[in-house]
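These are the residues of each chain, in order.
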Amino acid sequence: MTTSRCVKAFAAFIARSPDTAAAEDLRRFQLHQTQAGINSSVSTLRFFFS
């Protein structure tokens, strides 16, 4: 998944702009992705939000 797709998926998950995201939002998204079997986007988002 490309970085832009990861960010779009994250924004859709939190239902707001990703620049307003908190660490808890990222943690919940990580859990959601892991349960769905999609784990690659989490590392991409960690890099993006670091």
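Bear in mind that the values here come from a model prediction, so they are computed numbers and not experimental data.

**Some thoughts on the environment of histidine 32**
So, step 1. Along the chain, the position of histidine 32 falls in helix 2 (residues 23–36).
So, step 2. Owing to a relative accessible area of 38%, histidine 32 belongs among the partly exposed residues under this scheme.
So, step 3. Considered as a pair, histidine 32 and phenylalanine 13 are 19 residues apart in the sequence and their alpha carbons are 9.0 Å apart.

**Quick notes on the pattern of salt bridges**
So, step 1. Enumeration over the complete set of coordinates arrives at three salt bridges.
So, step 2. Here aspartate 25 makes a salt bridge to arginine 16, at a shortest N to O gap of 2.4 Å.
So, step 3. Overall, the relative accessible area of 36% leaves arginine 16 in the partly exposed class.
So, step 4. Glutamate 24 is the salt-bridge partner of arginine 27, the closest N and O atoms lying 2.8 Å from each other. Of this pair, arginine 27 and glutamate 24 are both found in helix 2, three residues apart, which corresponds to roughly one turn of the helix.
So, step 5. Among the charged side chains, a network of salt bridges with common partners joins Arg16, Asp25 and Arg28.

**Comments concerning the nonpolar core**
So, step 1. Among the nonpolar cores identified, the biggest contains seven residues, and these are Cys6, Val7, Phe10, Ile14, Leu26, Phe29 and Leu45.
So, step 2. Those elements that provide at least two residues to this core are helix 1 (3–14) and helix 2.
So, step 3. Counting residues per element, this core draws most heavily on helix 1, which supplies four residues.

Definitions and cut-offs
- Per-chain numbering applies: the sequence of each chain, read as written, is numbered from 1 onward.
- Only residues with pLDDT of at least 70 get local features here, since the model is predicted, and only at 80 or more are side-chain atom pairs given and counted; chain-wide, interface and lining totals rely on the full set of residues.
- Hydrogens and water molecules were not included; the side-chain quantities draw on all heavy atoms of the structure.
- Put simply, DSSP H or I for four residues or longer makes a helix, DSSP E for two residues or longer makes a strand, and each gets a number counted from the N terminus.
- Exposure is judged per residue with a 1.4 Å probe applied to protein chains only, and the accessible area is read against the type maximum: over 50% gives exposed, under 20% gives buried, and values in between give partly exposed.
- Here a salt bridge means any side-chain nitrogen of Lys or Arg lying within 4 Å of a carboxyl oxygen belonging to Asp or Glu.
- The criterion is simple. A nonpolar core is a set of buried Ala, Val, Leu, Ile, Met, Phe, Trp, Tyr and Cys residues joined through side-chain atoms within 4.5 Å.

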